[in-house]
There are 2 protein chains.
Amino acid sequence: MSKKDQITRERILNEAEALFATNGYDAVSVREITTAARCNLAAVNYHFGNKQKLYLEVFRARWVPRARRVQEYFRESLASRDILSTSAVAQALAEAFLKGPLSDDERQRQSQLMTRELIQPTEAFELLTEEVLRPFFKELADTLRPFMPEGLGNEGLALNILSMFSMVIYFNFARVVVSRITGRDYDAAFKDRLVEQIVEFSLNGLGGGEREGA
Amino acid sequence: MSKKDQITRERILNEAEALFATNGYDAVSVREITTAARCNLAAVNYHFGNKQKLYLEVFRARWVPRARRVQEYFRESLASRDILSTSAVAQALAEAFLKGPLSDDERQRQSQLMTRELIQPTEAFELLTEEVLRPFFKELADTLRPFMPEGLGNEGLALNILSMFSMVIYFNFARVVVSRITGRDYDAAFKDRLVEQIVEFSLNGLGGGEREGA
DNA sequence: GTCTATAGCAGGATAGAC
DNA sequence: GTCTATCCTGCTATAGAC
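Remember, it's a predicted structure, so these values are computed and weren't measured experimentally.

Residue and element names in this part refer to chain A. Tracing the backbone shows Tyr73 in helix H4 (residues 51-79). Under the relative-accessibility criterion, Tyr73 is labelled partly exposed at 35%. Considering only alpha carbons, one finds Tyr73 and Glu95, 22 residues apart in sequence, at a separation of 9.2 Å. Leave out the neighbours within four places in its chain, and Tyr73 touches Ala96, Gly100 and Pro101.

Here the focus is the interface of chain A and chain B. Often, the extent of an interface is quoted as the loss of accessible area on bringing the components together. Across the boundary between the two partners, chain A contributes 70 residues, which contact 70 residues of chain B. Carbon and sulfur atoms make up 64% of the area that chain A and chain B hide from each other, which totals about 6,200 Å². For the chain A face of the interface with chain B, the top three residues by lost area are Ile119(A), Arg180(A) and Leu206(A), together amounting to 13%. Put simply, chain A and chain B have eight salt bridges between them. A salt bridge links Arg180(B) to Glu130(A), with the shortest nitrogen-to-oxygen separation between them at 2.6 Å. In this assembly, chain A and chain B are joined by 18 residue pairs in polar contact (both at pLDDT 80 or more). Broken down by secondary-structure element, the contributors of at least two residues to the side of chain A that touches chain B are helix H1 (3-23), helix H5 (86-98), helix H6 (104-119), helix H7 (123-144), helix H8 (154-173), helix H9 (175-182) and helix H10 (188-204) of chain A. No other element matches H8(A), which puts 15 residues into the side of chain A that touches chain B.

Glancing now at the relation of the copies chain A and chain B. Each of the two chain copies can be generated from the other by rotation about an axis followed by a shift along it. Take chain A, turn it by 180°, move it 0.0 Å along the axis, and it overlays chain B with an RMSD of 0.0 Å. The operation mapping one copy onto its partner corresponds to a two-fold rotation axis. Looking at chain A, 100% of its interface residues are interface residues in chain B too, so the copies touch through the same face.

The next subject is the packing of H8(A) against H10(A). All names here are of chain A. Direction vectors running N to C along H8 and H10 enclose 160°, while the axes themselves pass 10 Å from each other. The orientation of H8 with respect to H10, classified from their angle, is roughly antiparallel. At the point where H8 passes H10, the crossing takes the right-handed sense. On H10, the residues touching Met164, Met167, Val168 and Phe171 of H8 are Leu194, Gln197, Ile198, Phe201 and Ser202. Split into classes, the residues belonging to the contact of H8 with H10 amount to seven nonpolar, two polar and no charged.

This part is about the packing of aromatic side chains. All names here are of chain A. Enumeration over the complete set of coordinates arrives at 28 aromatic pairs over all chains. Taking 5.5 Å as the distance between ring centres and 70° as the angle between the ring planes, the aromatic pair formed by Phe97 and Phe165 counts as edge-to-face. With Phe97 in helix H5 and Phe165 in helix H8, the pair connects residues that are 68 residues apart, well separated along the chain. Owing to a relative accessible area of 18%, Phe97 belongs among the buried residues under this scheme. Take Phe165: its relative accessible area is 2%, and that puts it in the buried class. Relative to Phe173, the ring of Tyr170 lies with its centre 6.0 Å away and its plane at 90°, an arrangement referred to as edge-to-face. Within this pair, Tyr170 and its partner Phe173 are both found in helix H8, separated by three residues, close to a single helical turn.

A separate point is the domain arrangement of chain A. Residue and element names in this part refer to chain A. Domain parsing of chain A yields domain 1 (1-49) and domain 2 (56-213). For domain 1 and domain 2, the distance between their C-alpha centres works out to 30 Å. With 13 residues of domain 1 in contact, the opposing surface of domain 2 contributes 10 residues. Interface area, domain 1 with domain 2, both sides summed: about 960 Å², of which 54% is carbon and sulfur. The three residues of domain 1 that bury the most area against domain 2 are Leu13, Glu17 and Ala21, which together make up 59% of that side's buried surface. For the pair domain 1 and domain 2, the interface holds four salt bridges. We note a salt bridge from Glu17 to Arg66, for which the minimum N-O separation is 2.2 Å. Where domain 1 touches domain 2, the interface holds seven residue pairs in polar contact (both at pLDDT 80 or more). With 11 residues, H1 is the single largest residue contributor to the side of domain 1 that touches domain 2. Across the side of domain 1 that touches domain 2, the residue classes break down as six nonpolar, four polar and three charged.

On to helix H10 (residues 188-204) of chain B, then. Between its terminal C-alpha atoms H10(B) stretches 24 Å, which fits the 24 Å expected from 17 residues at 1.5 Å a residue. Burial within H10(B) is extensive, with 12 of its 17 residues counted as buried. Listed as buried for H10(B) are Phe190(B), Lys191(B), Arg193(B), Leu194(B), Val195(B), Gln197(B), Ile198(B), Val199(B), Phe201(B), Ser202(B), Leu203(B) and Asn204(B). Packed against the buried residues of H10(B) are H8 and H10 of chain A together with helix H5 (86-98), helix H6 (104-119), helix H8 (154-173) and helix H9 (175-182) of chain B.

Definitions and limits used
Residues numbered from 1 in each chain as written. Chains lettered and ligands numbered in written order. Predicted model: local features only at pLDDT ≥ 70, side-chain atom pairs only at ≥ 80, totals over all residues. Heavy atoms only, no water. Helix = DSSP H or I, 4+ residues; strand = E, 2+ residues; numbered from the N terminus. Buried < 20%, exposed > 50% of the residue type's maximum accessible area, 1.4 Å probe, protein only. Contact = heavy atoms within 4.5 Å. Buried area = accessible area lost by both parts, 1.4 Å probe. Salt bridge = Lys/Arg side-chain N within 4 Å of Asp/Glu carboxyl O. Polar contact = N/O pair within 3.5 Å; in protein donor to acceptor, adjacent residues only side chain to side chain. Least-squares fit on C-alpha atoms with pLDDT ≥ 70 in both. Axes fitted to C-alpha atoms, helices over the stretch in contact; angles between N-to-C directions. Parallel < 35°, antiparallel > 145°, perpendicular 65-115°, else oblique. Left-handed = near helix turned anticlockwise from the far one by under 90°. Nonpolar A, V, L, I, M, F, W, Y, C, P; charged D, E, K, R; others polar. Phe/Tyr/Trp six-rings, centres within 6.5 Å; stacked < 30°, edge-to-face > 60°. Domains from an automatic or database assignment. Expected span 1.5 Å × (residues − 1).

Okay, here's the thing in structure tokens:
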């Protein structure tokens, strides 16, 4: 594989990722991708075989590595703290995903691509769950386990992690709704506010309400 | 509009909804829809003008009314309780969305369609936010306001509601991940478990962890 | 109101020159 | 490895018979 070859290949991957994330697999044509990548129509078939394989490669070569960077950031962020606690984990998690090492565009693409796979799983879903989600969940479970109440089983722990996760995911992918409802843009200040919210809610829930149901 | 006309129209709407939800707008052809609805290719143009208008009509005639049914269920469920409390609201909310008046298929379609609009808003997004989401959020805010701590501003309240909502939405649309991680199917027992989880997490967060960060 | 037939165009993929 | 040219299929939309 020559140098120039890689450059074309990389350009295709970049443009394909952006277009697939924004518009979805079926709405994007190979022509659109190759035009954006300033190369020939045939280049996709030459480098990736076909459109479907290009899509999968976007996950392998772009999505998975970026997810790993976020997880690495989370790990280091946790390691740098003196005291490990539930709130430290919640904060590191929220920061890694909402601020973290990715650019705003990367973050948006990342959650668009993942959400599309959640609504309608394809081959890429396997990659995404088995290579990224499942190991990360396992890691989170091991980290949080010591801080959980005695009686809490593995399922309870898993559901707690999923609950935290749901906020992190939602505040990323449903930006357009969150902005509408709160009237705020996703600037640095608002992201800080969201991290704070996730940590606070993860620790105390709504807080202040009665603790007994009707 | 004759009786038979309505029947064809309704059949098209039903099939279109299912197909758009499962496969997304661009992946579905008018041919697929009309074949599934056992009518002619031209029927979509006759009844709805074009494909895009059919898509919008799916939201107007199917999605919005169903969302209203869920909200109505929530309202009645709350009204039937003796004591209004934070946990009562959380429970009514989780039950309305995870169990509620919709069939399992309806629920799945509903969240697929909404999530697609969140990732990539079209005209339908306006309908969805202004006619359904925003009024419901306002209602929830009014209901919860009396139970919130004194100092909590409108933004804090909005974020709390969004946090609860994120769990409800996530446990609906990310079934495939939730099932993978927990190893459980979405049967009646698991849905009860999820309602319990949402209520518990909404009230106490993770619980049991230290309350002080590092 | 429902159908068939077709216009008119865009899609993925490949063959073969360079 | 990159290009042009092209095949073939499938799409939306409409015209016009019934």
